[in-house]
Every structure is written in C-alpha cells, then in structure tokens.
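Letter by letter, the chains look like this.
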Amino acid sequence: MTPRVFSGIQPTGNLHLGNYLGAIKRFVELQGEMECVYCVVDMHAITMPFEPAELDRNIREVTAAFLAAGIDPKAHIVFNQSQVKEHAELAWIFNCIARMGWLRRMTQFKEKAGKRAEEASVGVFAYPSLMAADILAYRATHVPVGEDQKQHLELTRDIAAKFNHDFSARISELGLGEDMEMGDETVRGYFPLTEPIIGGPAARVMSLRDGTKKMSKSDPSDLSRIVMTDDSDAIAKKFKKAKSDAEVLPETVEGLEGRPEADNLVGIYAALADTDRAAVLAEFGGQGFGAFKPALIELAVEKLAPINREMRKLMDDPAHIDAVLADGSQRARAIAEPILADVKAIVGFVGARG
Ligand code: AQP
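A separate point is the overall build of the protein chain. Each helix and strand counted, the protein chain has 14 helices and seven strands in total. Considering only C-alpha atoms, the protein chain reaches an extent of 70 × 50 × 45 Å along its principal axes. For the protein chain, with 354 residues in total, the buried portion stands at 52%. Put simply, of all contacts in the protein chain between residues at least 6 apart along the chain, 75% involve residues at least 24 apart. Within the structure as shown, the protein chain displays about 16000 Å² of accessible surface, and the carbon and sulfur contribution to it stands at 51%.

Rendered as structure tokens:
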C-alpha cells in the first residue's frame, strides 16, 4: 500500500507544548519521508461541551500552529475534518464493525466520561471509531501521535483487521485490496494495519505542576502547561515556577527514576534540542535546577518564540487560513472519495461506485 501519514489535532483550545513536541513537531519532520495528510479534527471537538464561536477560532488556531511550525500545505495536505464528509460516512460503517466491548475498554472514554458515563455524549463513546475512519479514509500506513493515543491506534488496527477478515471474499471478488499476512492466514485485505509512530523524549510530556500527570488542555491550572500562544515572558515564568526537586541532576537516565518532575524537564529539553535524555544529562548532570532551568528557558524561548510570532501573524489573516483549509479539504476529498466508494461497494451498498 502507498506509504501515507495521517494525523490530527482537536481544536479544543489551549494547544500546548505536549501537543507540539508529542505530535506537531513530528508531523513537520515526517514531511521529508512520506506524503502527509494533517487534519484539524473539528468533529471530535464537539464530543465534549463546546462554544461555537470558540470552535471556529480554535480551528484557525490549530491550523496556524501547523503552518507556523513548518508544515507545508502545498506539498502536503492541511484541512479540517468536517469539510470532508467521508470521515462521517466511514465512521458509521466502522460503528457497525467495532464491538461495544472494544470501545468500553478505552481509557480515554473512562477518563472523559468519569463516573457520569450515562450523561456523556454518544460521540465521546464512539470517538475511537471516528478516529479509525479519519486514518483509514486515506488508507494511511503511519500515524504520528503521543503515547496517550496508543490504545486508540490499536483499536484502529482491530477495526481494519476485522473489516479485512469479514469482507475478504468480497474484496477479492471486486478485485480490490491486496493479500496480507494476518496471523497464520493470508487474507485479501482492503485497509492497512496502520503503524503508530510514537516515541522520542516527548512522547508523554507531563504537567509542569505535577510530574505524574499528563500535560493537558483541560488542566484547570494555566501554570501546568506552556501554550503555543505564550510569549517569551510567559514561557520563562511558567518554567521558573515549574515543580522540580532539591537534588542535582543525575549523570545517567537511570538516576531520573522516581523523580518525575526532573525526568519531565529533562525530556522537554531533549525534545527541544533534538537529542535524548542521556545527552542532556551528559551536559547537565551534577548541576541543580538553579542552573538547568535558565538553560531550559533560553532553549524553549529560542525554539518556541518564532512559532508563536508566526502563529499570531497568521491568526490576523483568517481569510488566508480558511483558503488553506478549503484547498486542503478539496485535495483530501480527492483521496477519500474513491476509497469510500470502494468501501461502500465492499459492504454491498447499491450505487456506491457511481
Ligand atoms: N502531554 C502530551 N505529551 C505528548 N503528546 C501529547 N498529546 C496530547 N497531550 C500530550 C498528543 O497531541 C496530539 C493531539 O491530540 P488531541 O488534539 O486529541 O489532544 P488532546 O488529547 O485533546 O489533548 P489533551 O491535552 O490530552 O486534552 P485533554 O485535556 O482533553 O486530555 C495527539 O497525538 C496526542 O497524543
């Protein structure tokens, strides 16, 4: 199958350093390797309570972050999900493939719905099958994500595998797909078993106030996260106030064990400097946070301030952002439409292929 990257970010506000280092920075790096399709997943953003006026602002803000970080919307595709109806159509088909038990096991659903699952939207529950549709509407082979999305990616593979298995004969009959090794058998499959791209020092950036909690958009504390619209002063202030500990930094990565805040700050430094924790500790081991934090602030400002400046500039020109999204959506549709036509023919819908 043609190698293709797909990934998305929800326009739910407070786009933060975890989203940047765990996802967007990786999106930028992959542009040299494969065709990339990057999506502002606005349909996911309405699964939780939201304000329409903030939603459109947030869609433009995520798009501005993509562009400011270095995604090239001409060489690749940048668009918002709701402009390509194939996502919703495929999600419905996948709702009929995925099993209730699979979705009930999703930890993100349990976290988001909490003890009030009966009041949660059906959308929050079905979120992972829409995510599978986002990816497979492009038959994407690779998906860069942070570690928190690993379980959803496994579910995407389960949905693809069940679809391939259940419809294998039909896929062959229509002359579609390709032979795939699945366990001990070879089946004629239509969807790839997408590979997650997770890793590096910032696969899970933690809160600046509590190194055991993920940095997150919904944390009530602004000091818990650096947001992509923070200017240099705000970045410096938040790192200065970031929780650390009283010891010096260790010489080796093993020495970070049991020190979540130190581990997190070293990981952030490593990701910003395009290196790993070991190299950071080789430089800073034996020094306290009084020396390390100023170096971290200097590096963070150097790397993030230009993105921040460019984002603000782009946000002042919403018509340009909307034009990028419209163009990207048209090119995304050109890929997804024939895939959906195949899928509908595979499941037996009449008139699927025009
Ligand atoms: N803390 C993180 N470290 C590394 N990667 C992260 N991602 C999210 N948080 C971290 C990755 O960012 C991408 C965008 O995902 P999203 O838009 O679905 O983000 P989200 O899950 O809504 O962001 P939050 O902060 O996790 O939101 P809440 O507060 O709702 O929990 C994904 O690739 C994700 O892995």
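The subject of this paragraph is the site of the ligand. Of all residues adjacent to the ligand, which total 22 residues, the nearest are Gln10, His16, Asp148, Lys214 and Ser218. Glycine 146 is positioned such that a nitrogen or oxygen atom in its backbone is 2.9 Å from an oxygen atom of the ligand. At 3.0 Å, a backbone N or O of methionine 215 approaches a nitrogen atom of the ligand. Burial of the ligand by the protein chains amounts to 93% of its free accessible area of 650 Å². The pocket occupied by the ligand, as judged from atoms lying within 2 Å of grid points, is the largest pocket. Counting residues per element, the shell around the ligand draws most heavily on helix α1 (residues 17-30), which supplies four residues. For the shell around the ligand, the residue count by class is eight nonpolar, nine polar and five charged.

What follows covers the packing of aromatic side chains. The geometry of an aromatic ring pair comes down to the distance between the two centres and the angle between the two planes. For the coordinates displayed, the defined rule picks out 14 aromatic pairs. Judged by centre distance (5.0 Å) and plane angle (75 degrees), the rings of phenylalanine 284 and phenylalanine 292 are edge-to-face. Pairwise contacts between aromatic rings join Phe94, Phe163, Phe167, Tyr190 and Phe191 into one cluster. Residue placement shows arginine 139 over the ring face of tyrosine 190; its charged tip is 3.8 Å from the ring centre.

Assigned domains within the protein chain: domain 1 (4-200 + 318-347) and domain 2 (222-314). Computed from C-alpha coordinates alone, the two centres of domain 1 and domain 2 are separated by 30 Å. Taken together, the contact pairs 18 residues of domain 1 with 15 residues of domain 2. Summed over both partners, the interface of domain 1 with domain 2 comes to about 1400 Å²; 75% of that surface belongs to carbon and sulfur atoms. Run the count over domain 1 and domain 2 and you get one salt bridge. Across the pair lysine 25 and aspartate 274 runs a salt bridge, and its minimum N-O distance is 2.4 Å. Applying the counting rule to domain 1 against domain 2 returns four residue pairs in polar contact (both at pLDDT 80 or more). Those elements giving two or more residues to the side of domain 1 that touches domain 2 turn out to be α1, α3 (52-69) and α14 (318-347). Each residue belonging to the side of domain 1 that touches domain 2 can be placed in one class, and the counts come to twelve nonpolar, three polar and three charged.

Where a strand is regular, its side chains alternate between the two sheet faces. Relative to strand β6 (residues 185-189), strand β5 (residues 178-182) runs antiparallel, the two sharing five bridges. Its bridge partner lying in β6, glutamate 178 is registered against glycine 189.

Mapped onto the elements, asparagine 19 comes out in helix α1. What makes asparagine 19 buried here is its relative accessible area of 15%. What asparagine 19 contacts, discounting residues up to four positions off in sequence, is Asn14, Ile24 and Lys217.

A word on the environment of threonine 47. One can find threonine 47 in the loop between α2 (42-45) and α3. Sequence separation between threonine 47 and threonine 156 is 109 residues, and the spatial gap between their C-alpha atoms is 19 Å. Those residues in contact with threonine 47 that lie beyond four places of it in its chain are Ser121, Gly123, Val124 and Tyr127.

Ranked by size, the top nonpolar core spans 64 residues in total, and within it Ile24, Phe66, Phe239 and Phe292 carry the most contacts. Considering each element in turn, this core owes the most residues, eleven residues, to helix α13 (residues 289-315). Composition of this core by domain shows at least three residues from each of domain 1 (4-200 + 318-347) and domain 2 (222-314). Among residues more than four places away in sequence, those in contact with phenylalanine 239 are Leu17, Leu208, Ile226, Leu265, Ile268, Lys293, Leu296, Ile297 and Ala300. Of all hydrophobic cores here, the second largest spans 48 residues; its members include Val37, Leu90, Ala98 and Met106.

Burial analysis of strand β2 (residues 35-40) places five of its six residues in the buried class, the great majority of the element. For strand β1 (residues 4-9) and β2, the ladder comprises six bridges, and the chain directions are parallel. Paired with glycine 8 across the bridge in β2 is cysteine 39. Handedness of the crossover joining β1 and β2 through α1 is recorded here as right-handed.

Rules behind the numbers
- Residues numbered from 1 in each chain as written.
- Predicted model: local features only at pLDDT ≥ 70, side-chain atom pairs only at ≥ 80, totals over all residues.
- Heavy atoms only, no water.
- Helix = DSSP H or I, 4+ residues; strand = E, 2+ residues; numbered from the N terminus.
- Buried < 20%, exposed > 50% of the residue type's maximum accessible area, 1.4 Å probe, protein only.
- Contact = heavy atoms within 4.5 Å.
- Areas by Shrake-Rupley, 256 points an atom, 1.4 Å probe, with all protein chains shown as cover.
- Near = heavy atom within 4 Å.
- Polar contact = N/O pair within 3.5 Å; in protein donor to acceptor, adjacent residues only side chain to side chain.
- 1 Å grid on protein atoms, 1.4 Å probe; cavity = no way out; pocket = protein on both sides within 12 Å on 5 of 7 lines; lining within 4 Å.
- Sits in = over half its atoms within 2 Å of the grid points.
- Nonpolar A, V, L, I, M, F, W, Y, C, P; charged D, E, K, R; others polar.
- Phe/Tyr/Trp six-rings, centres within 6.5 Å; stacked < 30°, edge-to-face > 60°.
- Lys NZ or Arg CZ within 6 Å of the ring centre and 35° of its normal.
- Domains from an automatic or database assignment.
- Buried area = accessible area lost by both parts, 1.4 Å probe.
- Salt bridge = Lys/Arg side-chain N within 4 Å of Asp/Glu carboxyl O.
- Pairing = 2+ DSSP bridges.
- Core = buried A, V, L, I, M, F, W, Y, C linked by side-chain atoms within 4.5 Å.
- Right-handed = clockwise from strand over helix to strand, strands pointing away.

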